[in-house]
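Residue-level structure breakdown
Here are the chains, one letter per residue:
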Amino acid sequence: MNFTLKAGARALILSPERANLIGRSGQLIRKSEESWLILVEGKRYQVNEKSLMPLDGFSPVAMVAVERRKSA
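Everything quoted here is computed from the prediction, not taken from an experiment. (Residues numbered from 1 in each chain as written. Predicted model: local features only at pLDDT ≥ 70, side-chain atom pairs only at ≥ 80, totals over all residues. Heavy atoms only, no water.)

What follows is about the side chain of S15. Assignment of secondary structure puts S15 in the loop between β1 (10-13) and β2 (25-32). Within the structure, the side chain of S15 is placed 3.3 Å from the side chain of S51, a separation counted as a polar contact. If we skip the residues at most four places from it in the chain, S15 touches I22 and S51. (Helix = DSSP H or I, 4+ residues; strand = E, 2+ residues; numbered from the N terminus. Polar contact = N/O pair within 3.5 Å; in protein donor to acceptor, adjacent residues only side chain to side chain. Contact = heavy atoms within 4.5 Å.)

Relative to strand β4 (residues 43-48), strand β3 (residues 35-40) runs antiparallel, the two being bridged by 6 bridges. Counterpart to W36 in the pairing with β4 is V47. (Pairing = 2+ DSSP bridges.)

Further remarks concern the nonpolar core. Grouped together as the largest cluster of nonpolar side chains are 11 residues: L5, A11, I13, L21, L28, W36, I38, V40, Y45, V47 and L52. Going through the elements one at a time, β1, β3 and β4 are the ones with two or more residues in this core. Of the residues forming this core, the biggest block, 3 residues, is contributed by β3. Those residues within four positions of L52 in sequence are excluded, and the remaining contacts are L5, A11, L12, I13, L28, W36, I38 and V47. (Core = buried A, V, L, I, M, F, W, Y, C linked by side-chain atoms within 4.5 Å. Buried < 20%, exposed > 50% of the residue type's maximum accessible area, 1.4 Å probe, protein only.)

Further remarks concern the pattern of salt bridges. All told, the structure shown has 2 salt bridges when counted by the stated rule. R24 is the partner of E41 in a salt bridge, and the nearest nitrogen-oxygen pair spans 2.6 Å. Of the two residues, E41 is situated in the loop between β3 and β4 and R24 in the loop between β1 and β2; the sequence distance between them amounts to 17 residues. Residue E41 is classed as exposed on the basis of its relative accessible area, which comes to 67%. Linking K31 and E49 is a salt bridge whose minimum nitrogen-to-oxygen distance equals 3.2 Å. Of this pair, K31 sits in strand β2 while E49 sits in the loop between β4 and β5 (52-54), and the two are 18 residues apart along the sequence. (Salt bridge = Lys/Arg side-chain N within 4 Å of Asp/Glu carboxyl O.)

Structure below.
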């Protein structure tokens, strides 16, 4: 599944690349090559684009429904 990340939106950190931040969310500031600068609780972090999931407009329920249709 492809997700779109955009500056100003919120995203969830999912990767062990930043173990102390897994499951935390922040505001995306800007993209730099394959990573994003993200603001989490007033601190800036560089996080790999593949380690992020957008929260704005994202519905986990809809994603589960799509996965169910794929497996059926």
